[in-house]
Amino acid sequence: MTLVVAGASLAGLRAVESARRGGYRGRIVLIGAEEHPPYDRPPLSKSFLAPHAPARVAPFRSAAELREDLGVDLLLGAPATGLDTGARTVRVGEREIGYDALVIATGATPRRLRGAAGLTGVHTLRTAEDALAIRAALDRGARTVVVGAGFIGSEVASAARARGLPVTIVEALDVPLTRSIGPQAGAVCADLHRAAGTGLRLSTAVEGLESAAGAVTGVRLATGEVLPADLVVAGIGVAPATGWLEGSGVPLHERDRGVVCDATLATGVPGVYAAGDVAHVANPLFGGELMRLEHWTGAAEQGAAAARHALDPAAARPLTPVPYFWSDWYGHRIQFVGTPHGDEVLVAVPAEEGFTALYRRGDRITGALTVDRPREIMKYRRLIAAAAPWPDAVVFAAATRAAA
């Protein structure tokens with residue numbers, strides 16, 4: 001029997017580890033587009049960009065450890081390029097690799113700015129090479145423009161301000177992160193940027209890039225303003241890396257072409273499961289809502305479960321996770337659990353004392369965001385996991401506010 005794992009990041013690694021931990025002794029093939037063995041991505045936009053941090057991205061496990069300790073056949077530096085679910089083969093370039101069970105964990109690809117091709121100084125932030133290039137530019141004192149006020153772009157802005165460098169964020173929405181955490185919490189995040197001296201251009205589109213001798217020199221806005229820049233970082237979202245699955249019969253979401261799965265991570269195609277950033281997974285805890293989570297914890301949990309279920313479908317059980325992510329800006333810790341999509345948002349703690357926002361759907365709490373209140377967030381996570389009634393969450397928030 002052969003287990004193929006397409007995607008050598010966190011979800012793919014956890015799939016491999018889970019298979020071996022569960023007693024599987026068959027062949028495992030791990031396919032990765034990058035030449036590196038799996039490594040931790042969240043620090044690339046956080047601690048790695050900090051001044052004087054070690055300039056090395058360490059893998060979770062070395063290639064030798066994967067081969068010798070886990071018995072993995074590694075195919076790194078070449079992505080999966082096609083899938084034949086009838087023949088049960090994955091294509092990598094000209095090579096066909098047979099599988100009995102397949103875990104799709106190919107992640108997502110950053111969207112790029114129009115006109116950026118061939119220009120030095122314009123980057124996305126997804127890979128170790130991206131992070132190294134951005135860090136080098138910051139170390140040289142680059143004037144920085146971040147396009148998109150999402151979490152990764154905001155972390156880059158934070159790294160620039162930690163060096164005392166000028167940085168401006170350009171965001172098309174009138175409030176940052178409206179789709180991710182709602183307008184009330186987004187306004188608080190905007191204030192964090194302003195307090196740190198980061199420039200904000202909200203409700204503003206990028207018209208184009210200015211350059212000289214093949215290098216970016218500025219960002220031209222639809223307003224006519226040109227922001228000088230030696231470094232431009234695009235944080236304008238990602239698209240699931242599923243081009244290689246087109247025509248395979250694996251169900252893809254009509255909006256972003258991510259892989260559609262049930263709550264066990266099964267795609268409906270025999271032997272094929274998916275995990276991590278690439279997957280839209282039905283979550284029974286939230287009424288079966290399809291969730292595509294670009295979060296560390298989700299990738300780790302799903303990767304491990306996908307391998308277990310692929311190898312033993314009869315023992316598969318639905319996953320009911322409470323999503324969790326965190327972000328660090330300007331010395332502030334931002335944490336979120338659950339989902340922001342609902343009927344009501346309650347701001348529980350004033351911003352000057354830290355900040356908490358609760359999210360309601362129907363008669364229960366479904367989400368919580370905190371800024372600089374790390375001891376609260378996991379209590380809210382437990383309330384969400386227990387489908388706690390909304391009044392219970394409000395009482396807890398009130399007690400927390402009284403104790404602040």
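Residues numbered from 1 in each chain as written. Predicted model: local features only at pLDDT ≥ 70, side-chain atom pairs only at ≥ 80, totals over all residues. Heavy atoms only, no water.

As recorded by an unreviewed UniProt entry, the protein carries the name FAD-dependent oxidoreductase and is attributed to Amycolatopsis tucumanensis. Of the comments in the UniProt record for the protein, the one headed Cofactor (unreviewed entry) reads "FAD". (UniProt positions renumbered as here; feature names shortened; annotations may be inferred.)

Right, let's get into the sheet that holds strand E1 (residues 2-6). Adjacent strands of a sheet form backbone hydrogen bonds with each other and so pair up, either parallel or antiparallel. Pairing within the open sheet is parallel, and its 5 strands lie in the order E3-E2-E1-E7-E19. Only two strands of the sheet have a single neighbouring strand rather than two, namely strand E3 (72-76) and strand E19 (272-274). Taken pair by pair, the neighbouring strands of this sheet meet at an average axis angle of 15°, ignoring direction. In this structure, strand E7 (residues 101-104) lies alongside E19, joined through 3 bridges in parallel fashion. Residue pairing across strands places Ile 104 opposite Ala 274, the latter belonging to E19. Its contacts with the sheet put helix H1 (residues 10-21) on E1, strand E2 (27-32), E3 and E7, and the angle it makes with E2 is roughly 175°. Where helix H7 (residues 296-311) meets the sheet, it contacts E1, E7 and E19, and its direction lies at approximately 160° from that of E7. (Pairing = 2+ DSSP bridges. Helix = DSSP H or I, 4+ residues; strand = E, 2+ residues; numbered from the N terminus. Axes fitted to C-alpha atoms, helices over the stretch in contact; angles between N-to-C directions. Contact = heavy atoms within 4.5 Å.)

Moving on: the packing of H1 against H7. One can describe the packing of H1 onto H7 by two numbers: an axis separation of 7 Å at closest approach and a directional angle of 40°. With respect to H7, the element H1 is oriented oblique. Along this stretch, H1 crosses H7, giving a crossing that reads as right-handed. Touching Leu 10, Ala 11, Arg 14, Ala 15, Ser 18 and Ala 19 of H1 are Trp 296, Ala 299, Ala 300, Gly 303, Ala 304, Ala 307, Arg 308 and Leu 311, all from H7. For the contact of H1 with H7, the class distribution of residues is 10 nonpolar, 2 polar and 2 charged. (Parallel < 35°, antiparallel > 145°, perpendicular 65-115°, else oblique. Left-handed = near helix turned anticlockwise from the far one by under 90°. Nonpolar A, V, L, I, M, F, W, Y, C, P; charged D, E, K, R; others polar.)

On to the nonpolar core. The biggest cluster of nonpolar side chains holds 55 residues, and the ones touching the most others in it are Val 90, Leu 102, Ile 104, Val 250 and Val 259. Discounting chain neighbours no more than four positions away, the residues touching Val 90 are Val 4, Ile 31, Ala 80, Gly 82, Leu 83, Arg 95, Glu 96, Ile 97, Tyr 99, Leu 102 and Trp 244. Core analysis: the second largest hydrophobic core is formed by 41 residues, Leu 138, Ala 159, Val 188 and Trp 329 among them. (Core = buried A, V, L, I, M, F, W, Y, C linked by side-chain atoms within 4.5 Å. Buried < 20%, exposed > 50% of the residue type's maximum accessible area, 1.4 Å probe, protein only.)

Attention now goes to the sheet that holds strand E15 (residues 226-228). Sheet architecture is open: 3 strands sit in the order E13-E14-E15, paired in antiparallel fashion. With one partner strand each, in any of the chains shown, strand E13 (206-212) and E15 form the two edges of the open sheet. Within the sheet, the average angular offset between the axes of one strand and its neighbour, ignoring direction, is 30°. Looking at chain direction, E13 and strand E14 (residues 215-221) are connected through 6 bridges and run antiparallel. Within E14, the position partnered with Ser 211 by the bridge is Val 216.

With that out of the way, let us pick up H7. Counted at 1.5 Å a residue, the expected span for H7 with its 16 residues is 22 Å, and the 23 Å between its end C-alpha atoms agrees. When you tally the buried positions in H7, you get 12 out of 16 residues, the bulk of the element. Regarding H7, the residues found buried are Thr 297, Gly 298, Ala 299, Ala 300, Gln 302, Gly 303, Ala 304, Ala 305, Ala 306, Ala 307, His 309 and Ala 310. (Expected span 1.5 Å × (residues − 1).)

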